[in-house]
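The residues making up each chain are set out below.
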Amino acid sequence: GARIDIENVSHWFDVPGGNKLQALDGIDLHMAPGEFVALLGPSGCGKSTLLRLVAGLEPATTGRLAQDGRPIARPDPSRIVVFQDPTLYPWRRVRANVALGLQARGVLRAQAGRVDDALARVGLADFADAFPHQLSGGMAQRVALARALVNDPRLLILDEPLGKLDSLTRLQMQSELLGLWQRSGFSALLVTHDVEEALFLAQRVVVLSDRPARIVAELPVDLPYP
Ligand code: ADP
Ligand code: ADP
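Conventions we followed
What you see as residue numbers is a count from 1 along each chain, following the sequence as written. Both sets of labels track the order of writing: A upward for chains, 1 upward for ligands. In view of the model being predicted, local features appear only for residues whose pLDDT reaches at least 70, and side-chain atom pairs are presented and counted only at 80 or more, with totals across whole chains, interfaces and linings using the full set of residues. The basis for every side-chain value is the complete set of non-hydrogen atoms in the structure, without hydrogens or water. Secondary structure is summarised from DSSP: a helix means a run of H or I of at least four residues, a strand means a run of E of at least two, and numbering begins at the N terminus for each. Burial classification: accessible surface area is computed with a 1.4 Å probe over protein chains only, and a residue below 20% of its type maximum counts as buried, one above 50% as exposed, and the rest as partly exposed. Whether two strands pair comes down to DSSP finding at least two bridges between them. Think of it like this: strands point away, you trace from the first strand over the helix to the second, and a clockwise trace means the crossover is right-handed. Helix axes are fitted to C-alpha atoms over the stretch in contact, other axes to C-alpha atoms as well, and angles between N-to-C directions run from 0 to 180 degrees. Residues count as neighbours in contact if any of their non-hydrogen atoms are within 4.5 Å of one another. Between rings of Phe, Tyr and Trp, where Trp is taken as its six-membered ring, a pair exists when centres lie within 6.5 Å; planes separated by under 30 degrees are stacked, by over 60 edge-to-face, and by other angles tilted. Each reported salt bridge corresponds to a side-chain nitrogen of Lys or Arg within 4 Å of a carboxyl oxygen of Asp or Glu.

As recorded by an unreviewed UniProt entry, the protein carries the name ABC transporter and is attributed to Pseudacidovorax intermedius.

What follows is the structure in structure tokens.
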């Protein structure tokens, strides 16, 4: 997994009326290679903003973000975000939706095995030919996970990926996500509103203040993994 260094990052948005809205205030967060970190914090405090900066989707106003010592300046297939809504193309089969995650689109035939492997890793080997409308919400989110995993990312960025699932599916997928992380070695940065989910999945829980987000607590989670 990737080492992630977030150093003294603050972020402001331009808002109507020529004003600035501060979303992040001096965030310092360092992730060891392969570490699983969960972020907790009140709604609107700046969690998604921080994930977007780590993903390279926008530049931080001030401060530095680096992956394995190199500045994060743009999106990169080594860092993949999984959002709350799986955003699948409804007219394309599951296999094609996963193939859309492939970094090198030119060699699809050669990479077909990777697509099937990613589907197998999320337990959907038998659904490669299905269309999204034939899937439950949990299965659709597994497809989104497979689309993220198909490039073997070094950092998986998870923005409340299980937030809209019913509680039984959520529990099931928490175990699956833990297993994937244990077997795959990627680093993971998870935003969740579910304290139990954070404690179950993460090795470290970071708590953010109300906006602008500051780190107000960091707790190592020392639970025996199943
Ligand atoms: P969280 O994920 O913790 O709920 P967000 O990071 O989505 O919070 O948002 C933090 C704050 O920044 C909120 O007040 C939100 O309205 C504001 N915000 C987020 N994105 C933008 C944007 N593109 N332009 C202006 N304000 C934004
Ligand atoms: P549809 O879902 O419209 O029926 P297909 O599943 O036949 O489409 O394929 C859509 C796209 O996905 C095509 O560009 C095809 O080359 C690609 N594709 C199909 N199967 C695989 C696979 N196993 N690995 C990688 N790419 C694939």
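Chemist: Sorry, what's going on with unusual backbone geometry here?
Modeler: Residues other than glycine predominantly adopt negative phi, and peptide bonds predominantly adopt the trans conformation. Each neighbour pair has its own omega, and for Arg211 with Pro212 the value is -5°, a cis peptide bond. With a phi close to 40°, Thr87 is a non-glycine residue in the positive phi region. Although it is not a glycine, Glu160 adopts a positive phi angle of roughly 50°. Take Glu160: it is sitting in the loop between strand 7 (155-159) and helix 5 (167-184). Classification of Glu160 as buried rests on a relative accessible area of 18%.

Chemist: Honestly, the pairing of strand 8 (residues 187-191) in this entry has me stumped. Any pointers?
Modeler: Residues in a regular strand project their side chains so that they alternate between the two faces of the sheet. Counting buried residues along strand 8, five of its five residues qualify, which places the element largely inside the surrounding structure. Side-chain alternation along strand 8 places Ser187, Leu189 and Val191 on one buried face and Ala188 and Leu190 on a second face that is also buried. Bridge count for strand 3 (residues 36-40) against strand 8 is four bridges, and the pairing is parallel. Each residue of the ladder has a partner; that of Ala38, found in strand 8, is Leu190. Chirality of the crossover, the property in question, places the unit of strand 7, helix 5 and strand 8 among those that are right-handed.

Chemist: Could you clarify how one ought to interpret the sheet that holds strand 7 in this entry?
Modeler: Strand pairing within a sheet occurs via backbone hydrogen bonds; the two strands may be parallel or antiparallel. As summarised here, the arrangement of the six strands in space is 6-7-8-3-9-10, forming an open sheet in which the pairing is mixed. Strand pairing shows two members of the sheet lacking a second neighbour, strand 6 (79-82) and strand 10 (215-220), which therefore form its edges. On average, each strand axis in the sheet is tilted by 15° relative to the strand beside it, whichever way the strands run. Sheet analysis places strand 7 next to strand 8, joined by five bridges and oriented parallel. Among the inter-strand pairings, Leu158 is bridged to a residue of strand 8, identified as Leu190. Against the sheet, helix 1 (residues 47-55) engages strand 3, strand 6, strand 7, strand 8 and strand 9 (204-208), with an angle of about 155° to strand 7.

Chemist: I keep staring at the packing of aromatic side chains and nothing clicks. Help me out?
Modeler: Aromatic rings in a pair are described by how distant their centres are and how their planes are angled relative to each other. Taken as a whole and judged by the stated rule, the model has two aromatic pairs. A ring pair is formed by Phe36 and Trp181, whose centres lie 5.6 Å apart and whose planes are at 75°; its orientation type is edge-to-face. Of this pair, Phe36 sits in strand 3 while Trp181 sits in helix 5, and the two are 145 residues apart along the sequence. Its relative accessible area of 1% is what places Phe36 among the buried residues. Trp181 sits in the buried class, given a relative accessible area of 9%. Between Tyr89 and Trp91, the aromatic rings sit 5.4 Å apart at their centres with planes inclined by 75°, giving edge-to-face as the arrangement. Overall, the relative accessible area of 40% leaves Tyr89 in the partly exposed class. The exposed category is assigned to Trp91, whose relative accessible area is 60%.

Chemist: Can you walk me through the pattern of salt bridges in this structure?
Modeler: The full count for this structure, using the stated rule, is 14 salt bridges. A salt bridge links Asp68 to Arg154; the nearest nitrogen and oxygen atoms lie 2.8 Å apart. Of the two residues, Asp68 is situated in the loop between strand 4 (62-67) and strand 5 (70-71) and Arg154 in the loop between helix 4 (137-149) and strand 7; the sequence distance between them amounts to 86 residues. Among the residues examined, Asp68 registers a relative accessible area of 22% and is labelled partly exposed. For Arg154, a relative accessible area of 34% gives the class partly exposed. When the shortest N-O distance is used, the salt bridge between Arg142 and Glu176 registers 2.8 Å. Linking Arg142 in helix 4 with Glu176 in helix 5, this pair joins segments that are 34 residues apart in sequence. Classification of Arg142 as buried rests on a relative accessible area of 10%. Each of the salt bridges in this network shares a partner with another, and the network as a whole consists of Glu35, Arg204 and Glu218.

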